[in-house]
Amino acid sequence: DVLRTLAFASELQARERKLAREQKERQEKARNKLDSMRKAQEAAQARRAAEEEVQRAKRLAEAAQEEEKRLQWEADVAANRGVVYSEKLAVENLPADVAEAKGIRRSKDKILLPPSAKFELLRHGVDRLGSLLFEITAEDGSRTHAGLLDFTAPHGKVCLPQDVMRCLAGKTDTEYGGMVQVRYARLQGGEYAKLQPMEKAFQQVDDIKAGLESALLTRCTLTEGDVVSVSDGESLHELRVLELKPTSAVSIVETDLEVDIAPSLETEEEVQRLEEARKARKEQIKREIEEEELRIAQEKIAEDLLMKEEASKQKEREERWDRLSRTLPSEPSPGPDVTTVLIRASDGTRRERRFSRSDRISQLFQFVDAGPCGGAEPGAYNLVMLYPRRVFTLSDDGDTTLNEAGITGRQESLLIEISKDHQ
């Protein structure tokens, strides 16, 4: 019975653990599901918010465009005395012989518009169609102005001569595609123009004035940024319009236009290159000066350190000299057993002292170490007798007396010789 009770209790505990584990797993799954639903809801809200922001930005952009159009329309109404014409048209090339066939001299910037433009302009009460001027704006924002040749362009298109295309996009080819915005514009008469040749060669043209007059008589408008072609009889020279007065775009029909010629673009580029080279050279000189000043400063610091080190070493030497001098025995008076020893260094330093012949060689070394003697450091030199040559070392001969060493003359001379280990 006891065994059955224990087995039952064990089985009951196992079932309880299993139940608790399954309950925990269900709770974990429920939490994961709630988290997934929450994240999905947050993602959906974020997507809706992003879409709403995109739509709001789109509405704002459309409103800004509408406002810009309204302001442009009001500006056109004010500037053009109530006449408003603006249309987006595809570009086609206008051959030069079309204007020449009509005998029109100012043909370089005359364009063809579609018949629909004529009816629109007539609806606004425009009567002198032949003298109309238009602003032409490319998709990249570049613009120029032109006069009207006639209304024979295909529907939805504008025919531009090569000079107008070049003013718009800086291209000389006739295969110019894309769309342009054409707007009716009333331009004031030009009073002043500054032109810049592309090349220096233009300044060598004999009769610049005649060439400019001939070129300007082939146009009816000028816009800042336009390119004007001037012939000297042999070649064409291109000039860019830098500045106009009284406005940035003017009519040059029946006007007294004052023209200034600026230095050529090529000259400006050369001047710029020279200026850049001058600045580079100036910077190089500045760097060299800074490097030289740094080198001098470093040398000064190194020199100061060396002087400090030398001063410290000199102080140590003087302290050592003073200490060793006090340990030397008293100098003996002249007598029969006394030798005057002259010690010379390679730099010419000479030191002299009397020694008793019973004194040891070590005392000679002590005397050298106790004062300036050619920079010889203790333990780094030997003493040499020349005749007969004999080398004395502190380690081998320190205990030898002067008498034993043969230093027995009334006066003897020794040389300081730096040992090979310290050379």
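Since this is a predicted model, take the numbers as computed values, not measurements. (Residues numbered from 1 in each chain as written. Predicted model: local features only at pLDDT ≥ 70, side-chain atom pairs only at ≥ 80, totals over all residues. Heavy atoms only, no water.)

Novice: Would you mind going over the pattern of salt bridges with me for this structure?
Specialist: Opposite charge on two side chains permits them to pair, given that their charged atoms come into close proximity. Going through the model one piece at a time under the given rule, you end up with 22 salt bridges. Residues E92 and K157 are paired through a salt bridge, measuring 2.8 Å at the closest nitrogen-oxygen approach. A residue pair is termed long-range when its members are at least 10 positions apart, and E92 in strand β1 (residues 86-93) and K157 in strand β5 (residues 157-160) qualify at 65 residues. Each of E310, R317, R320 and E377 takes part in salt bridges that share partners, so that together they form one network. (Salt bridge = Lys/Arg side-chain N within 4 Å of Asp/Glu carboxyl O. Helix = DSSP H or I, 4+ residues; strand = E, 2+ residues; numbered from the N terminus.)

Novice: Can you help me understand the side chain of K110 in this one?
Specialist: Inspection of the secondary structure assignment puts K110 in strand β2 (residues 110-112). It turns out K110 is buried and unbridged, and the closest side chain with the opposite charge, D109, is 6.3 Å from it. Discounting residues that sit within four places of it in the chain, K110 has contacts with L94, I104, G147, L148, L149, P161 and C220. (Buried < 20%, exposed > 50% of the residue type's maximum accessible area, 1.4 Å probe, protein only. Lys, Arg positive; Asp, Glu negative; His and termini not counted. Contact = heavy atoms within 4.5 Å.)

Novice: It is not clear to me how the pairing of β1 should be interpreted in this structure. Could you clarify?
Specialist: The side chains of a regular strand alternate, residue by residue, between the two faces of the sheet. Here five bridges tie β1 to strand β6 (residues 179-184), and the two strands are oriented antiparallel to one another. In the sheet register, S86 faces β6, and the bridge partner there is R183. Judged from the four bridges that link them, β1 and β5 form a sheet pairing that is parallel. Counterpart to A90 in the pairing with β5 is K157. (Pairing = 2+ DSSP bridges.)

Novice: Just to check I follow, could you spell out the sheet that holds strand β17 (residues 411-418) for this structure?
Specialist: Within the open sheet, the five strands sit side by side as β14-β13-β17-β15-β16. Their pairing is mixed. The two strands at the open ends of the sheet, each matched to only one other strand, are β14 (350-356) and β16 (390-392). Across the sheet, the mean angle separating the axes of adjacent strands is 30° when strand polarity is ignored. Alignment of strand β15 (residues 381-385) against β16, held across three bridges, turns out to be antiparallel. Counted as the bridge partner of L383 is F392 from β16. (Axes fitted to C-alpha atoms, helices over the stretch in contact; angles between N-to-C directions.)

Novice: What is the right way to look at a negative patch on the surface in this model?
Specialist: Together, D206, D207, E213, D232 and E234 make up a region of like negative charge exposed at the surface. For D206, the location among the structural elements is in the loop between β7 (192-197) and α5 (208-216). (Patch = residues over 30% accessible without salt bridge, like charges linked within 9 Å, V, L, I, M, F, W, Y side chains within 5 Å. Areas by Shrake-Rupley, 256 points an atom, 1.4 Å probe, with all protein chains shown as cover. Charge placed at Lys NZ, Arg CZ, Asp CG, Glu CD.)

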